[in-house]
Amino acid sequence: MTLANEELQNIYCGALYFEETEDGYLKANQYTKPQMDYFKNAFEMWFERCDASSAKTIEFETDASKVSFEYKLIWKCSEDSIELAIDGLATEIVYLKDIDMEGRVSWNLPEGKKKVTIYLPSDATILIRNFDIDGEFKPVPKNEKVLWLGDSITQGYGPLRSYQTYVSVANRILNYDILNQGIGGYIYDKKSLMKMEGYDPDKIIVALGTNQFGDEKAYEMVKEYYETLIGIYGEEIPILCITPLWRGDTEDGIPTLIKFCENIREIVGKYKNIKVVDGFKMVPHLEEYYLDNLHPNALGTEVYGRNLVEEIRRIGF
């Protein structure tokens, strides 16, 4: 059977709202229109990436033997992947470098009941229509609703695999209902924080700072960011602050980065609802774990995601 776009929305995870194009494709958005307008006027790089399909998945339980859908890529930067996972294990990878900007993806599924997860590209914008499945299906139950804020590492750049971003790795264990608002090149910028009507997260994760640790204005920007965040969501919502990761591309700047992380701890320390994770403890300080000594590669994101889950459980977030 071919799902109508309204039906597809029921198993499409990671969207704030949906739009349908004139040619019948479903587009999933993670930012409000006022937020996207802000990015458009502020910086072209942010605007391009705020539209990407970061951490979006199609998830369902089924006994079907085949699934397929038409896709259209309307923007792409780094060419990562569309991936199929069965019961949490990646089984098929379609690299964007190997496919056209428009086409159809088809997969045969193993026999019996299983959980199917389709990971959509992190650094590209994909539209979908005519989703076909030859069996019964139902949505997968999710845990807490989590707003995940960050930069390119949170968006998913580095592993060049949508299944393998640190957010995807962590969430295969945590099973959050994620809204990923990570954008490549982003900073602690309070102007992007706006009330999203109809969206009330249970928790918030913030992973920012690596793009501004040497900026003299950074301390004040971090302070204003958390004041704004608390002003929107209140003093009771649990917030997790992940300080910047180690980076090997700026050896002379490491003392400045460490001091910046200390300043972040000092700022958020006054809020009883904010807990801190030390980013320097998430990924080994070795180039083998990084794509470019800044963004963790597939090995680095695997370690990052698992270490983050352990820390979340340890501190009771």
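A brief structural summary. (Residues numbered from 1 in each chain as written. Predicted model: local features only at pLDDT ≥ 70, side-chain atom pairs only at ≥ 80, totals over all residues. Heavy atoms only, no water.)

**Considering the nonpolar core**
By size, the foremost hydrophobic cluster in this structure holds 69 residues, and its most contacted members are Trp148, Val206, Tyr226, Leu229 and Leu308. Once residues lying within four places of it in the same chain are set aside, the contact partners of Trp148 are Thr154, Tyr166, Val167, Ala170, Tyr176, Ile178, Leu179, Asn180, Gln181, Gly182, Ile205 and Leu308. Core analysis: the next-biggest nonpolar cluster, separate from the first, contains 29 residues, Leu3, Ile11, Ile58 and Leu84 among them. (Core = buried A, V, L, I, M, F, W, Y, C linked by side-chain atoms within 4.5 Å. Buried < 20%, exposed > 50% of the residue type's maximum accessible area, 1.4 Å probe, protein only. Contact = heavy atoms within 4.5 Å.)

**Details of the packing of aromatic side chains**
A complete count under the given rule lists 17 aromatic pairs for this structure. Each ring, one from Trp46 and one from Tyr186, has its centre 4.6 Å from the other, and the planes form 80 degrees; the classification is edge-to-face. In this pair, Trp46 sits in helix α3 (residues 44-49) while Tyr186 sits in the loop between β14 (177-182) and β15 (203-207), placing the two residues 140 residues apart along the sequence. We note that Trp46, like Tyr186, is buried. Pairing Phe60 with Phe131 gives two aromatic rings, centres 6.1 Å apart and planes at 90 degrees, and the pair type is edge-to-face. Linking Phe60 in strand β5 (residues 57-62) with Phe131 in strand β11 (residues 124-133), this pair joins segments that are 71 residues apart in sequence. Neither residue differs from the other here; Phe60 and Phe131 are each classed as buried. The ring of Tyr163 has Arg172 lying over it, and the distance from NZ or CZ to the ring centre is 3.5 Å. In this structure, Lys203 is placed above the aromatic ring of Phe317, and the distance from its NZ or CZ to the ring centre is 4.8 Å. (Phe/Tyr/Trp six-rings, centres within 6.5 Å; stacked < 30°, edge-to-face > 60°. Helix = DSSP H or I, 4+ residues; strand = E, 2+ residues; numbered from the N terminus. Lys NZ or Arg CZ within 6 Å of the ring centre and 35° of its normal.)

**Observations concerning the environment of Tyr166**
Inspection of the secondary structure puts Tyr166 in helix α5 (residues 166-174). Along the backbone, Tyr166 and Ala298 are 132 residues apart, and their C-alpha atoms lie at a distance of 8.6 Å.

**Focus on the pairing of strand β7 (residues 81-86)**
Where burial is concerned, most of β7 is hidden: six out of the six residues are buried. Residues Ser81, Glu83 and Ala85 of β7 are buried on one face, and the alternating residues Ile82, Leu84 and Ile86, pointing to the opposite face, are buried as well. Bridging between β7 and strand β8 (residues 89-95) involves six bridges; their strand directions are antiparallel. For Glu83, the partnering residue across the bridge sits in β8 and is Ile93. Once β7 ends, the chain turns through two residues before running back antiparallel as β8, passing Asp87 with a positive phi of about 50 degrees. Inspection of the sheet shows β7 paired to strand β10 (residues 114-119) by four bridges, in the antiparallel sense. Looking at the pairing, Leu84 lines up with Ile118 of β10. (Pairing = 2+ DSSP bridges.)

**Some details on empty space enclosed by the protein**
Enumeration over the complete set of coordinates arrives at two cavities of 30 Å³ or more. Taken as a whole, the largest cavity holds about 90 Å³ of empty space. Together, 13 residues line the largest cavity, and Asp151, Ile153, Ala207, Pro244 and Leu245 are the ones closest to its centre. The class makeup of the residues in the lining of the largest cavity is eight nonpolar, four polar and one charged. One number sums up the size of the second largest cavity: a volume of about 50 Å³. What lines the second largest cavity is Tyr31, Phe39, Leu149, Gly150, Gln181, Tyr186, Ser192, Leu193, Leu208 and Tyr225. In terms of residue class, the lining of the second largest cavity is made up of seven nonpolar, three polar and no charged. (1 Å grid on protein atoms, 1.4 Å probe; cavity = no way out; pocket = protein on both sides within 12 Å on 5 of 7 lines; lining within 4 Å. Points joined across faces, edges and corners; volume = space filled by probe spheres on them. Nonpolar A, V, L, I, M, F, W, Y, C, P; charged D, E, K, R; others polar.)

**Notes on the sheet that holds strand β13 (residues 145-150)**
An order of β14-β13-β15-β16-β17 is seen for the five strands of this open sheet, with the pairing classed as parallel. Strands at the two margins of the open sheet, each flanked by one partner only, are β14 and β17 (274-277). For this sheet, the mean angle separating the axes of adjacent strands, direction not counted, is 20 degrees. Across six bridges, β13 lies against β14 in parallel orientation. Pairing of Val146 across the sheet is with Ile178, part of β14. Seen against the sheet, helix α7 (residues 254-268) touches β16 (239-242) and β17 and runs at an angle of roughly 165 degrees to β17. (Axes fitted to C-alpha atoms, helices over the stretch in contact; angles between N-to-C directions.)

**Examining the packing of α5 against helix α8 (residues 298-315)**
Where α5 meets α8, the axes come as close as 7 Å, and the angle between the chain directions of the two elements is 45 degrees. In terms of orientation, α5 and α8 fall into the oblique class. Of the two elements, α5 crosses α8, and the hand of that crossing is right-handed. Touching Tyr166, Val169, Ala170, Ile173 and Leu174 of α5 are Thr301, Glu302, Tyr304, Gly305, Arg306, Leu308, Val309, Ile312 and Arg313, all from α8. Here the contact of α5 with α8 is built from residues that sort into nine nonpolar, two polar and three charged. (Parallel < 35°, antiparallel > 145°, perpendicular 65-115°, else oblique. Left-handed = near helix turned anticlockwise from the far one by under 90°.)

Purely spatial values, then, with no claim about function.
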